[in-house]
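Listed below are the residues making up each chain.
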Amino acid sequence: MKTVRGFASATVGNVACGFDVLGFAIKEPGDEVILTLSERKHSSCPVTISSISGDEGKLPLDPKKNTSSFVVLKFLEHLRAQKGIAFNGHISLELKKHLPLSSGMGSSAASAAAALAAANELLGQPCTKMELVHFAIEGERVACGSAHADNAAPAILGNFVLIRSYTPLDLIVIPPPDELYCSLVHPHTELRTSFARSVLPNEIPLKMATQQWGNVGALVAGLLTADYPLIGRSLIDVVAEPKRAPLIPGFFEVKEAAQRAGALGCSIAGSGPSIFAFSSSPDTAREAGIAMQEAFLTSKAKLPSDMWVSPICREGARIL
Ligand code: HSE
C-alpha cells in the first residue's frame, strides 16, 4: 500500500475581461485528495471513493460522477491508450473539501487538480503538469456541463494562465508581478456555474468585443510589465459582469467598497458569487477585503462572508 496526498488551491476564472480564457491561482484555501494504491480485489472500477468531508453530503460518491475520481479514471485511460501503461491495481480516494461549492472559487477544479497531482505522483509521474490539465478540464464538464479551462489550468499550473486556444489546447503561463495581491470574498450563498452561464448571450456586438479584447491584451501587458495602474484599468468586463451582477446581491456596493479602499480593480470571481479585487500591497488588499465584507453585510441581502488575502500562487497543484 502506498498513500499520496495532493493539494490544489482556489482559482479565479475570467479575471474580469478574460471570459473563459484567463485565470489565476491563489495560495489558499484549497482542497486535499488522499490516494491509496493497493491490489485490486473487490471492485471492478480501478478507482473508488472511500470518503468525502466538507461537502455536507452534496457530492456524488459514484467514481464516474465525482469530479476528483472521474479525472483519475481519465488519467488511467490515457496511460493505457497513449503511453501503453496498463494499471491493474486499485486506487482508493479520500476527498477533503475546504472550498465552498458553487462559489466561483474553482472548487471542482481544485478537487480535480489535487487528485491528478496525487495520481501522477502515485504512479511515478508519467505525465507532465501540462498533460494533466487536459483531464482536469474534462472534470469541469462533469461538474458543470462546460469544459472551460480558466480554473482547471491555473489549479494545476499555478500563476496566471491564458488559454490562447481550446482546440488544440494552447496554454500560456504568465508569472505574476511580485506585488500583486488578491482579496477574495465569498458571500454565504451559492450560484451554480451552469446557471450563471445560462444568462450569458451567445453573441455579442462587435463594439463590445473590441472593448473586451482591448482590455484582455492590456491586462496581460500589465501583468508582464508589473504595471499596476494598467492592470487596474484593464479589469473591465463588458460581457459577463453586466449579466451576472444582478445574480449577486450587493455586487455594486462591494465593488465600490473595494475601489474606495484603494484596490486596483474588482470583479466577479469566475461565475460568482465570490468577488475578487487586486491591490498592489498586502495592507491595501486586507483593507479592501474588509471593506468588501462590510459592504456585503450592509447591503440589502445582509450577507455574511469569508475573506482571504493572498499573493498569486506560483506553484500550482502539489504533493503535501
Ligand atoms: N469561465 C467560467 C465562467 C468560470 O465564467 O463560467 C467559472 O468559474
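What counts and how
Residues numbered from 1 in each chain as written. Predicted model: local features only at pLDDT ≥ 70, side-chain atom pairs only at ≥ 80, totals over all residues. Heavy atoms only, no water. Helix = DSSP H or I, 4+ residues; strand = E, 2+ residues; numbered from the N terminus. Rg over C-alpha atoms; globule rule 2.2 N^0.38 Å. Buried < 20%, exposed > 50% of the residue type's maximum accessible area, 1.4 Å probe, protein only. Contact = heavy atoms within 4.5 Å. Areas by Shrake-Rupley, 256 points an atom, 1.4 Å probe, with all protein chains shown as cover. Lys, Arg positive; Asp, Glu negative; His and termini not counted. Charge placed at Lys NZ, Arg CZ, Asp CG, Glu CD. Near = heavy atom within 4 Å. Polar contact = N/O pair within 3.5 Å; in protein donor to acceptor, adjacent residues only side chain to side chain. Nonpolar A, V, L, I, M, F, W, Y, C, P; charged D, E, K, R; others polar. Domains from an automatic or database assignment. Phe/Tyr/Trp six-rings, centres within 6.5 Å; stacked < 30°, edge-to-face > 60°. UniProt positions renumbered as here; feature names shortened; annotations may be inferred. Pairing = 2+ DSSP bridges. Axes fitted to C-alpha atoms, helices over the stretch in contact; angles between N-to-C directions. Parallel < 35°, antiparallel > 145°, perpendicular 65-115°, else oblique. Left-handed = near helix turned anticlockwise from the far one by under 90°. Salt bridge = Lys/Arg side-chain N within 4 Å of Asp/Glu carboxyl O.

I would appreciate a short explanation of the overall build of the protein in the present structure.
Scanning the protein from N- to C-terminus turns up 10 helices and 11 strands. A globule of 320 residues ought to have a C-alpha radius of gyration of about 20 Å, and the protein, at 19 Å, matches this closely. The C-alpha extent of the protein, read off along each of the three principal axes, is 60 × 40 × 35 Å. For the protein, the residues scored as buried account for 56% of the 320 residues in total. For the protein, contacts bridging at least 24 residues in sequence account for 73% of all contacts bridging at least 6. In the structure as shown, the protein presents an accessible area of about 13500 Å², 53% of it carried by carbon and sulfur atoms. When the 29 positive and 30 negative side-chain charges of the protein are each reduced to one mean point, those points stand 5 Å apart.

How should the site of the ligand be read in this particular structure?
Every residue close to the ligand is listed here: Asn-14, Phe-19, Asp-20, His-148, Asp-150, Asn-151, Thr-193, Arg-197, Arg-244, Gly-270 and Ser-271. Taking Asp-20, its side chain carries an N or O atom lying 2.5 Å from a nitrogen atom of the ligand. A distance of 2.7 Å separates a nitrogen atom of the ligand from a polar atom in the side chain of Asp-150. About the coverage of the ligand: the protein hides 98% of its 260 Å² of free accessible area. Classifying every residue of the shell around the ligand gives 1 nonpolar, 6 polar and 4 charged. Residues lining the shell around the ligand come from more than one domain, with at least three contributed by each of domain 1 (2-175 + 315-319) and domain 2 (181-311).

Help me understand unusual backbone geometry in this model?
What you tend to see is this: most non-glycine residues have negative phi, and most peptide bonds are trans. The peptide bond linking Thr-167 to Pro-168 adopts the cis configuration, its omega dihedral lying at -5°. Locating Pro-168 in the fold gives a position in the loop between strand 5 (160-165) and strand 6 (170-174). Cis peptide bonds are those with omega within 30 degrees of zero, and the linkage from Gly-272 to Pro-273 qualifies with 5°. Tracing the backbone through its elements, the reader meets Pro-273 in the loop between strand 8 (265-268) and strand 9 (275-279).

Explain the packing of aromatic side chains here, please?
The geometry of an aromatic ring pair is captured by the separation of the ring centres together with the interplanar angle, meaning the angle of the planes. Counted under the stated rule, the structure contains 7 aromatic pairs. Their ring planes at 40° and their centres at 5.1 Å tell us that Phe-24 and Phe-160 sit as a pair that is tilted. A residue pair is termed long-range when its members are at least 10 positions apart, and Phe-24 in strand 2 (residues 22-39) and Phe-160 in strand 5 qualify at 136 residues. Pair check on accessibility: Phe-24 and Phe-160 agree, each one buried.

Any chance you could explain the UniProt feature "binding site: ATP" (unreviewed entry) in the protein here in plain terms?
In the numbering adopted here, UniProt assigns the feature "binding site: ATP" (unreviewed entry) to Pro-100, Leu-101, Ser-102, Ser-103, Gly-104, Met-105, Gly-106, Ser-107, Ser-108, Ala-109 and Ala-110. Mapping Gly-104 onto the fold places it in the loop between strand 4 (89-96) and helix 2 (107-122). Those residues in contact with Gly-104 that lie beyond four places of it in its chain are Thr-11, Ala-269, Gly-270, Ser-271, Gly-272 and Pro-273. Position of Gly-106 among the secondary structure elements: in the loop between strand 4 and helix 2. Non-local contacts of Gly-106, meaning those with residues more than four positions away in its chain, are made with Thr-11, Leu-99 and Asn-151.

It is not clear to me how the pairing of strand 6 should be interpreted in this structure. Could you clarify?
Within a regular strand, the side chains alternate between the two sheet faces. Bridge count for strand 5 against strand 6 is 5 bridges, and the pairing is antiparallel. Looking across to strand 6, one finds that Val-161 is bridged to Val-173. The antiparallel hairpin formed by strand 5 and strand 6 contains 4 residues in its connecting segment.

In this structure, what is going on with the packing of helix 1 (residues 67-83) against helix 3 (residues 129-144)? I would like to understand it.
For any two helices packed against each other, the geometry comes down to the angle between their axes and how far apart the axes lie. Where helix 1 meets helix 3, the axes come as close as 9 Å, and the angle between the chain directions of the two elements is 135°. In terms of their interaxial angle, helix 1 and helix 3 are classed as oblique. Our pair here, helix 1 against helix 3, has a crossing hand that is right-handed. Packed against helix 1, whose contacting residues are Thr-67, Phe-70, Val-71, Lys-74, Phe-75, His-78 and Lys-83, the element helix 3 presents Glu-131, Leu-132, Phe-135, Ala-136, Glu-138, Gly-139, Val-142 and Ala-143 at the interface. Each residue belonging to the contact of helix 1 with helix 3 can be placed in one class, and the counts come to 8 nonpolar, 3 polar and 4 charged.

What am I meant to see in the packing of helix 1 against helix 2 here?
Orientation of helix 1 relative to helix 2, taken along the N-to-C sense of each, is 40°, at an axis distance of 8 Å. Relative to helix 2, the element helix 1 lies oblique. The element helix 1 and its partner helix 2 pack so that their crossing is right-handed. The residues of helix 2 that touch helix 1, namely those facing Thr-67, Ser-68, Val-71, Val-72 and Phe-75, are Ser-108, Ser-111, Ala-112, Ala-115, Leu-116, Ala-119 and Asn-120. For the contact of helix 1 with helix 2, a count of residues per class yields 7 nonpolar, 5 polar and no charged.

Got a minute to help me understand the pattern of salt bridges in this structure?
Pairs can form between side chains of opposite charge once their charged atoms are near each other. Counted by the stated rule, this structure contains 14 salt bridges. One salt bridge connects Lys-97 with Asp-31, and the closest N-O pair in it is separated by 2.2 Å. Taken together, the residues Lys-97 in the loop between strand 4 and helix 2 and Asp-31 in strand 2 connect sequence positions 66 residues apart. Given the relative accessible area of 0%, Asp-31 is considered buried. For the salt bridge of Glu-241 with Lys-255, the shortest nitrogen-to-oxygen distance reads 2.8 Å. Of this pair, Glu-241 sits in helix 8 (residues 241-244) while Lys-255 sits in helix 9 (residues 251-260), and the two are 14 residues apart along the sequence. Like Glu-241, the residue Lys-255 is buried in the burial classification. Linked through salt bridges whose partners overlap, the residues forming this network are Glu-56, Lys-58 and Glu-190.

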